[in-house]
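Next come the chains, spelled out residue by residue.
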Amino acid sequence: MKKVITMLLAMLMLLQTVACAESSSNPEETTAPAAVDTPVTEAVEEETEPVISDDLPESDFEGYEFMIFNSNPESNTWFTTVHVDVDEDSGEAIPSAIFNRNIKVEERLNVKISETEQTADQIKNTILAGDGAFDMSLMQGANILAHAQSGYLMDLHTMPYQNFEKPYWDANAVEQLSLGNKLFVMVGDFMTTQIDETICMFFNKDLIADHNLDNPYELVDNGTWTLDKLAEMASTTGNDANGDGVYDDKDNYGMMSWRGVFYMFLLNGCGNTLIEKDEADVPVFTFYDEKFVNSYEKILSIIHGEQKIYFDAEKDVNNHRVQEIMFPANQVLFWSECISWAKALREMEANFGILPAPKFDEAQTQYYSCNNGNFFGMSVPVSVTDIDRTSIIIEALQSASTDTVLAAYYDITLKSKYSRDEESSKMVDIIFDTTTYDCSTVYGLGSVKTNIYTMASENNKDLASFYNKQKKALGKVIEKMMDKLNELD
């Protein structure tokens, strides 16, 4: 990401900052208020060549229809956008960027980019039909893994024109999502759901000032943004606001999140992963070491301490999205969520900022961020009729997205609109540069993430028993998975 930041910031001189109207609701939650968009008044340059060369050969595919099967339903309004093709330039930032990106590729290669919604099962059935009905699919990790093990998907490393060293591909994903040196899913500038799924920590700047607390941006810059500092600051703002003796969504808290987000956000921030990979690129369950145990125990001591500093909204089944009400109402100092929820704060009167996860301690050499794993990644069916053509078009779509889709999302929408200060923009750079894609989370291996946060939410510190039990069960899952993938050779 750093390789393109300078170029993208320069492009802001050519683009008008606009708002992006998207309703913000989790697929399992209610919808947050949307806002009215401001039209884009400056046209995107009509150049078809990408700003970062993709080194593709000149090609004319004679009007070929490049079909994308997208399993992300239109009703899924939690993401900033679910579509990768739009019919017209609406003037809204991201849809306009998608429209112009596709026009560039269509004109460059003489193709037509099309998209249709299909479920994962429909995608499988179409592949089995073997008629080459589509060229690329967008699915979530568990579905991609199931399709890969059944031999339905191409190993993207075998695609002739994919160059994953180019900056428009996510280098972290290339390294962390491969299995046995095979790569069945990728993300890059072409898509935005993986950006939406990156977890951050919002903070209320007005509460920081009111309580005379340290400037979080300065803490990040000087390397002192740690778990202990988070606990110290959070402990100052929690209280029983209405004095009824019951802590609920009417009271004040130092920090807040969903348990399915918060525990892994903090554990990853300490440099931990649930699954690593060995020298053969095979997943191994090795989290039970001193660093993980120390991180886990410290996090539990903070969340389950005497201070009322954490509100687990998942326990309130009648008010599922209470968090985006509480944070704008100045009831919470720190809120950890996927970064896409910044759009729920655009009408917030108090000033807010964005932070990476805190480090374990000051001796930790860098910050780490994590992806929540529910993004819709790109895969290629084995039923494609012309691999060279498909490969060229995909690479062209990625390279053409840097100065269109990524610029609209990353610089205009996120860094300029939703985050309200220059420091937050710097924090966003740190978050995206250090994003971890834990393959156990993305692929849902053995439900390790769910089991960890369930145990943590119960304040269960018996990691040894959990590790021994989980290692045996997960070992069988991984062995079976790798046997299937190796059979594809």
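First, a word on what this report is: a plain description of the structure on this page. As the structure is a prediction and not an experimental result, all values here were calculated from the model. (Residues numbered from 1 in each chain as written. Predicted model: local features only at pLDDT ≥ 70, side-chain atom pairs only at ≥ 80, totals over all residues. Heavy atoms only, no water.)

### Considerations on the overall build of the protein chain
Piece 1. Scanning the protein chain from terminus to terminus reveals 18 helices and 13 strands.
Piece 2. A sequence separation of at least 24 residues applies to 79% of the contacts in the protein chain between residues at least 6 apart.
Piece 3. Carbon and sulfur atoms make up 45% of the accessible area of the protein chain, which totals about 19500 Å². (Helix = DSSP H or I, 4+ residues; strand = E, 2+ residues; numbered from the N terminus. Contact = heavy atoms within 4.5 Å. Areas by Shrake-Rupley, 256 points an atom, 1.4 Å probe, with all protein chains shown as cover.)

### So, the side chain of threonine 237
Piece 1. Here threonine 237 shows up in the loop between α9 (227-234) and β5 (253-257).
Piece 2. Owing to a relative accessible area of 4%, threonine 237 belongs among the buried residues under this scheme.
Piece 3. A distance of 3.4 Å separates a polar atom in the side chain of threonine 237 from the backbone oxygen of tyrosine 253.
Piece 4. In contact with threonine 237, not counting residues within four places along its chain, are His211, Asn252, Tyr253, Gly254 and Leu333. (Buried < 20%, exposed > 50% of the residue type's maximum accessible area, 1.4 Å probe, protein only. Polar contact = N/O pair within 3.5 Å; in protein donor to acceptor, adjacent residues only side chain to side chain.)

### Observations regarding the pattern of salt bridges
Piece 1. The final tally for this structure, using the stated rule, is 12 salt bridges.
Piece 2. The residue arginine 108 makes a salt bridge to aspartate 54 at a minimum N-O spacing of 2.7 Å. Of this pair, arginine 108 sits in helix α2 (residues 93-109) while aspartate 54 sits in the loop between α1 (2-11) and β1 (64-70), and the two are 54 residues apart along the sequence.
Piece 3. Arginine 108 sits in the buried class, given a relative accessible area of 17%.
Piece 4. Assessed through its relative accessible area of 5%, aspartate 54 is described here as buried.
Piece 5. With a closest N to O distance of 3.9 Å, lysine 112 and glutamate 106 form a salt bridge.
Piece 6. The buried category is assigned to glutamate 106, whose relative accessible area is 13%.
Piece 7. Each of the salt bridges in this network shares a partner with another, and the network as a whole consists of Asp214, Lys229 and Glu232. (Salt bridge = Lys/Arg side-chain N within 4 Å of Asp/Glu carboxyl O.)

### Some words on the sheet that holds strand β3 (residues 136-139)
Piece 1. On the basis of which strands lie adjacent, the open sheet formed by four strands has the order β2-β1-β3-β12 and mixed pairing. Across the chains shown, the open sheet's two edge strands, defined by having one partner strand only, are β2 (111-117) and β12 (377-379). Within the sheet, the average angular offset between the axes of one strand and its neighbour, ignoring direction, is 25°.
Piece 2. Across three bridges, the pairing between β3 and β12 is antiparallel. Across the sheet, serine 137 pairs through a bridge with serine 379, a residue of β12.
Piece 3. Strands in contact with helix α4 (residues 141-149) are β3 and β12; relative to β3, the strand with the most contacts, it is inclined by about 130°. (Pairing = 2+ DSSP bridges. Axes fitted to C-alpha atoms, helices over the stretch in contact; angles between N-to-C directions.)

### Quick notes on the packing of aromatic side chains
Piece 1. Under the counting rule described, the total for this entry stands at 20 aromatic pairs.
Piece 2. On the basis of an interplanar angle of 55° and a centroid distance of 6.5 Å, the ring pair of phenylalanine 202 and phenylalanine 327 is categorised as tilted. Taken together, the positions of phenylalanine 202 in strand β4 (residues 199-204) and phenylalanine 327 in the loop between α12 (323-326) and β9 (332-338) put the pair 125 residues apart, joining distant regions of the chain. Considered together, phenylalanine 202 and phenylalanine 327 belong to a single accessibility category, that of buried residues. (Phe/Tyr/Trp six-rings, centres within 6.5 Å; stacked < 30°, edge-to-face > 60°.)

Bear in mind that shape data such as this cannot, by itself, settle questions of function.
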